[in-house]
Amino acid sequence: MKTQQDKYRKIIMLFVLFVLLAGFLLYTTCSLKTVSITGSSHYSEKELKQEILSSKTDGNTILFYLRMKYGRKTSIPFVEDITVNLVDRHSIKLHVYEKPVIGCIQYMGSYMYFDKDGIMVESSEKKLKGVPFVSGLDFNSFVLHSKMDTSQNELFPVILDLTRLIQKFSLKVDTIRFGSDSEVLLKSGANEVLLGKRDTYDEQMAELKNLLPSSPAADGKKLLINMKDFVEGQEKIVARPIE
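About the cut-offs
Residues numbered from 1 in each chain as written. Predicted model: local features only at pLDDT ≥ 70, side-chain atom pairs only at ≥ 80, totals over all residues. Heavy atoms only, no water. Helix = DSSP H or I, 4+ residues; strand = E, 2+ residues; numbered from the N terminus. Buried < 20%, exposed > 50% of the residue type's maximum accessible area, 1.4 Å probe, protein only. Contact = heavy atoms within 4.5 Å. Areas by Shrake-Rupley, 256 points an atom, 1.4 Å probe, with all protein chains shown as cover. Pairing = 2+ DSSP bridges. Axes fitted to C-alpha atoms, helices over the stretch in contact; angles between N-to-C directions. Arc of directions from axis to C-beta. Patch = residues over 30% accessible without salt bridge, like charges linked within 9 Å, V, L, I, M, F, W, Y side chains within 5 Å. Salt bridge = Lys/Arg side-chain N within 4 Å of Asp/Glu carboxyl O. Phe/Tyr/Trp six-rings, centres within 6.5 Å; stacked < 30°, edge-to-face > 60°. 1 Å grid on protein atoms, 1.4 Å probe; cavity = no way out; pocket = protein on both sides within 12 Å on 5 of 7 lines; lining within 4 Å. Points joined across faces, edges and corners; volume = space filled by probe spheres on them. Nonpolar A, V, L, I, M, F, W, Y, C, P; charged D, E, K, R; others polar. Core = buried A, V, L, I, M, F, W, Y, C linked by side-chain atoms within 4.5 Å.

1. Remarks on the overall build of the chain
So, step 1. Scanning the chain from N- to C-terminus turns up 5 helices and 12 strands.
So, step 2. A buried classification covers 37% of the 243 residues belonging to the chain.
So, step 3. Of the contacts formed within the chain by residues at least 6 apart in sequence, a portion of 47% connects residues at least 24 apart.
So, step 4. Summing over all exposed atoms, the chain offers an accessible surface of approximately 15,300 Å²; the carbon and sulfur share of this is 55%.

Encoded structure:
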């Protein structure tokens, strides 16, 4: 009986030694050297690495992979999820899925970002590049991660469409402003573009791609470009200085 117990004891000890040796080799031969990140438009790769590589064990490829795959992930504003892919024992690939935002409003010094349904996705003191500021949108109240309380819900599809066109044509638009009758005015740097109110803005925005780069006046004056009644193929567009 004692011989049998000694045999089992030796097997267990050998197994433990094997696990420890395997763990030691794994830790010493899998140093993390390369982390590539895709999918982010709000943050640079450097900024994301500073946020994500936060644990003492992140210098090891396997431990970092296991933490990102199964552990609690770092909460990063505007980031919905991060997927991880093990490339080799020294390399990891991360893909960032961002929270979809179409615009922002300003409240008490902070920017409040909302999605296509008017749900407040995130708040930040920083104005994100590529996300237009929206003015003229009246609201009674809002709660983070809940839908904005407003009587102008019909404007969210308009904002979504304008944001899509801004991105499609790579336009430098800072602000989308709605007038009292829901007419649209865009601000691009020092210039303003009056689009009016219509069902779609595709034709106007397509023309703006060629118009905006040449719109600043030589003397540095601000211009109001009137495209309220614009039709496709129109050769002349009225632009007047803004005092």
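2. Considerations on the sheet that holds strand 2 (residues 79-88)
So, step 1. Ordered by their spatial adjacency, 3 strands build an open sheet running 1-3-2, and the pairing between neighbours is mixed. Looking along the sheet, the strands with just one partner apiece sit at the ends: strand 1 (34-38) and strand 2. With direction set aside, neighbouring strand axes in the sheet form an average angle of 20°.
So, step 2. As judged from the 8 bridges shared by strand 2 and strand 3 (residues 91-98), these two strands associate in the antiparallel manner. Each bridged residue has a counterpart across the sheet, and for Thr83 the counterpart in strand 3 is His95.
So, step 3. With respect to the sheet, helix 2 (residues 45-52) is in contact with strand 1, strand 2 and strand 3, its orientation differing from that of strand 1 by roughly 115°.
So, step 4. Against the sheet, helix 3 (residues 61-70) contacts strand 2 and strand 3, and its axis sits at roughly 150° relative to strand 2.

3. Describing helix 5 (residues 202-211)
So, step 1. Those residues of helix 5 that sit buried are Gln204, Met205, Leu208 and Leu211. Buried residues of helix 5, seen end-on, are gathered within an arc of 115° and therefore sit on one face of the element.
So, step 2. Tucked inside the fold, the buried residues of helix 5 contact helix 4 (155-168), strand 9 (184-188), strand 10 (191-196) and strand 11 (222-226).

4. Some details on the pairing of strand 10
So, step 1. By the criterion of burial, strand 10 is predominantly enclosed, with 6 of the 6 residues buried.
So, step 2. Side chains of strand 10 alternate between two faces, with Asn191, Val193 and Leu195 and Glu192, Leu194 and Gly196 buried alike.
So, step 3. Once strand 9 ends, the chain turns through 2 residues before running back antiparallel as strand 10, passing Gly189 with a positive phi of about 65°.
So, step 4. As defined by bridge partners, strand 10 adjoins strand 11 across 3 bridges and the pair is classed as parallel. Counterpart to Glu192 in the pairing with strand 11 is Leu224.

5. Describing a nonpolar patch on the surface
So, step 1. On the surface, a cluster of nonpolar side chains totalling about 320 Å² of accessible area is made up of Leu63, Leu66 and Tyr70.
So, step 2. One can find Tyr70 in helix 3.

6. What about the packing of aromatic side chains?
So, step 1. According to the stated counting rule, one finds 4 aromatic pairs in the structure shown.
So, step 2. Consider the rings of Phe114 and Phe156, whose centres lie 5.6 Å apart with planes at 70°: the pair is edge-to-face. Of this pair, Phe114 sits in strand 5 (residues 110-114) while Phe156 sits in helix 4, and the two are 42 residues apart along the sequence. In this structure, Phe114 and Phe156 share a single accessibility class: buried.
So, step 3. The rings of Tyr107, Phe139 and Phe142 are connected pair by pair, giving a single aromatic cluster.

7. Quick notes on empty space enclosed by the protein
So, step 1. According to the stated counting rule, one finds 1 cavity of 30 Å³ or more in the structure shown.
So, step 2. When its volume is computed, the largest cavity comes out at roughly 30 Å³.
So, step 3. Here the residues of the lining of the largest cavity sort into 4 nonpolar, 1 polar and 2 charged.

8. Focus on unusual backbone geometry
So, step 1. Notably, Met108 is not glycine yet its phi reads approximately 50°, a positive angle.
So, step 2. Along the chain, Met108 falls in the loop between strand 4 (103-107) and strand 5.
So, step 3. The exposure class of Met108 is exposed, given its relative accessible area of 72%.
So, step 4. In this structure, Ser170 takes a positive phi of about 55° despite not being glycine.
So, step 5. Relative to the assigned elements, Ser170 resides in the loop between helix 4 and strand 8 (175-178).

9. Some thoughts on the nonpolar core
So, step 1. Formed by 32 residues in total, the largest nonpolar core has its most connected members in Phe114, Leu186, Leu195, Met205 and Leu208.
So, step 2. If one sorts the elements of this core by residue count, helix 4 sits on top with 6 residues.
So, step 3. When neighbours within four sequence positions are excluded, Leu186 is seen to be in contact with Val173, Thr175, Ile176, Asn191, Glu192, Val193, Leu195, Met205 and Leu208.
So, step 4. Counting residues in each nonpolar core, the second largest holds 15 residues, with Leu48, Ile76, Val84 and Val96 among its members.

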